[in-house]
Amino acid sequence: MSPPRVSVVVPCYNEQEVLPETECRLRELLKDLAAENLCAPDSRLWFIDDGSRDLTWEMLEHLAAEHENISAIRLSRNHGHQRALLAGLFTADGDVLISVDADLQDDVQTMRDMLLAFHQGHDIVYGVRRRRDTDTLFKRWTAQGFYRVMAVMGVDVVYNHADYRLMSRRAIETLMEFSEANLYLRGMIPLLGFSATQVEYDRSERLAGESKYPLRRMISLALNGITSFSVVPLRMISFTGIAIFLMSLGISAWVVWVRLFDQEVVPGWASSMLPISFLGGIQLLCLGVIGEYLGRIYTEVKRRPRFIVDKVVGNPR
Ligand code: UDP
Ligand code: MG
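This section reports on the structure supplied with the text. All values derive from a computational prediction rather than experimental measurement. (Residues numbered from 1 in each chain as written. Chains lettered and ligands numbered in written order. Predicted model: local features only at pLDDT ≥ 70, side-chain atom pairs only at ≥ 80, totals over all residues. Heavy atoms only, no water.)

## Here's the deal with the overall build of the protein
When its secondary structure is counted, the protein shows 10 helices and eight strands. In terms of C-alpha radius of gyration, the protein reaches 25 Å, well past the compact-globule figure of 20 Å for 317 residues. For the protein, the spread of C-alpha atoms along the three principal axes comes to 95 × 40 × 40 Å. Relative to its full complement of 317 residues, the protein shows a buried share of 45%. Within the protein, contacts between residues separated by at least 24 positions form 84% of all contacts whose residues are at least 6 apart in sequence. With an accessible surface of roughly 16,600 Å², the protein has 60% of that area assigned to carbon and sulfur atoms. The distance from the centre of the 35 positive side-chain charges to the centre of the 39 negative ones in the protein is 5 Å. (Helix = DSSP H or I, 4+ residues; strand = E, 2+ residues; numbered from the N terminus. Rg over C-alpha atoms; globule rule 2.2 N^0.38 Å. Buried < 20%, exposed > 50% of the residue type's maximum accessible area, 1.4 Å probe, protein only. Contact = heavy atoms within 4.5 Å. Areas by Shrake-Rupley, 256 points an atom, 1.4 Å probe, with all protein chains shown as cover. Lys, Arg positive; Asp, Glu negative; His and termini not counted. Charge placed at Lys NZ, Arg CZ, Asp CG, Glu CD.)

Structure below.
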């Protein structure tokens, strides 16, 4: 069997500090892998510029002109990591696609293990972080809390796996049939089925530049993950409703009893104030949860394009 043509897909948002090193290491790696007969010599690097405001695109254009196995896609504006990644996966050619972040936090040498797993017949190979002690305490806690919440919500996600993974052409084509706009790729890939496996690696620190995932984006990704894959929050509303209904039955019985047998007692201030504020709070919270789903249904039905490509340079086709 001849080795597969591999495309490495790298989303980049304001990555001018790290890009030269990333490009250099990935190109070396492809050369080594080709020498080991794990990938074809015409394997490629695909960089996606997610509307960067620094020199990322100029650098990418330059690289694509200089090296024949580098392509670059420029999105029309910043679309966010998940959509940039999707743009790359759907535009890149090749028999096997490997997605990796531009900041080299994920050990690129693990791609060798991924390709070995592909040769053993797996369609999807997840890169899984063995340790994450290089992440800040805050990042680790929020991430772990999130995995736990997802488990409670009944969502099937691979623990400690980000978007570092290998997918076969067949898996990518199946992914293309998923048309959702609120993307949470880590949740979608397990839905594809096919034969999947994991390889472990140690996560290191970002080589240069700053994280492009501030808390706001982390929360938004987490909310997408939960609402796109779980209706447990909606169900919790129903359960809360049932519990409050049962409680109110008890309170009604008590009120009737007081009315019939205990005419001296003036109905208390607390027993009317507490339910009002308690119910008011619960109702607003429930409306908020329903609103989160409704808002997403709203963006889904509009069917806007998930990414808009401005230019592609160095495209082999
Ligand atoms: N990224 C992107 N668009 C964005 C934000 C991030 O394409 O709007 C890319 C970024 O360039 C990097 C990857 O997504 O290659 C992951 O981002 P980052 O490393 O900053 O996230 P962290 O590792 O801190 O979670
Ligand atoms: Mg990173």
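From this point, the discussion proceeds with the structure in view.
## Brief notes about the coordination of the magnesium ion (ligand 2)
For the magnesium ion (ligand 2), every protein donor is listed as Asp103 (OD) and Gln105 (OE1), and the spread of their distances is 1.8 to 2.0 Å. Take Asp103 and Gln105: they sit in the same class, and that class is buried. (Donors = N, O, S within 2.8 Å, 3.2 Å for Na, K, Ca; no water.)

## Topic: the environment of Lys311
Within the secondary structure, Lys311 sits in strand 8 (residues 309-313). On the accessibility criterion, Lys311 (37% relative accessible area) is partly exposed. With 239 residues separating them along the chain, Lys311 and Ala72 place their C-alpha atoms 8.2 Å apart. Not counting the four nearest positions on each side in its chain, Lys311 is found in contact with Trp57, Glu61, Ala72, Ile73 and Arg74.

## Quick notes on helix 3 (residues 81-91)
Buried residues dominate helix 3, accounting for nine of its 11 residues. Listing the buried residues of helix 3 in full gives His81, Gln82, Ala84, Leu85, Leu86, Ala87, Gly88, Leu89 and Thr91.

## Re the site of ligand 1
Residues in contact with ligand 1 amount to 20 residues; listed here are only the nearest, Glu15, Asp103, Ser211, Lys212 and Arg217. A distance of 2.6 Å separates an oxygen atom of ligand 1 from a polar atom in the side chain of Glu15. Summarising the interface, the protein chains cover 95% of the accessible area of ligand 1, which totals 530 Å² for the free molecule. Of the residues belonging to the shell around ligand 1, the class tally is six nonpolar, five polar and nine charged. (Near = heavy atom within 4 Å. Polar contact = N/O pair within 3.5 Å; in protein donor to acceptor, adjacent residues only side chain to side chain. Nonpolar A, V, L, I, M, F, W, Y, C, P; charged D, E, K, R; others polar.)

## What to know about the pattern of salt bridges
With the rule as written, the count across this model stands at 17 salt bridges. Ionic pairing is found between Arg112 and Glu36, a salt bridge with its closest N-O pair at 2.8 Å. Taken together, the residues Arg112 in helix 4 (residues 110-119) and Glu36 in the loop between helix 1 (19-35) and strand 2 (44-49) connect sequence positions 76 residues apart. For Arg112, a relative accessible area of 21% gives the class partly exposed. We classify Glu36 as partly exposed; its relative accessible area is 39%. The salt bridge partner of Asp310 is Arg74, with a shortest N-O separation of 3.7 Å. Of the two residues, Asp310 is situated in strand 8 and Arg74 in strand 3 (residues 70-75); the sequence distance between them amounts to 236 residues. Look at Asp310 and you get partly exposed, because its relative accessible area is 42%. For Arg74, a relative accessible area of 18% puts it in the buried group. (Salt bridge = Lys/Arg side-chain N within 4 Å of Asp/Glu carboxyl O.)

## Here we look at the pairing of strand 3
Most of strand 3 is tucked away: six of the six residues are buried. The side-chain alternation of strand 3 yields two buried faces, one formed by Ile70, Ala72 and Arg74 and the other by Ser71, Ile73 and Leu75. In the sheet, strand 2 pairs with strand 3 via five bridges, with the strands oriented parallel. Looking at strand 3, one finds that Trp46 is bridged to Ser71. Once you follow strand 2 into helix 2 (residues 56-66) and on to strand 3, the crossover reads as right-handed. For strand 3 and strand 8, the ladder comprises four bridges, and the chain directions are antiparallel. Residue pairing in the sheet places Arg74 in a bridge with Lys311 of strand 8. (Pairing = 2+ DSSP bridges. Right-handed = clockwise from strand over helix to strand, strands pointing away.)

## As for the nonpolar core
Nonpolar side chains in soluble globular proteins generally cluster together in the buried interior. Among the nonpolar cores identified, the biggest contains 36 residues, and Val8, Val10, Phe47, Ile98, Met111, Leu115 and Leu166 are the most heavily contacted of them. What Met111 contacts, discounting residues up to four positions off in sequence, is Val8, Leu26, Leu29, Ile98, Val100 and Tyr164. Grouped together as the second largest cluster of nonpolar side chains are 26 residues, Trp46, Ile48, Val128 and Leu175 included. (Core = buried A, V, L, I, M, F, W, Y, C linked by side-chain atoms within 4.5 Å.)

## Overview of the side chain of Thr110
Structurally, Thr110 can be placed in helix 4. When residues no more than four places from it in sequence are discounted, the contact partners of Thr110 are Tyr164, Val199, Glu200 and Tyr201.

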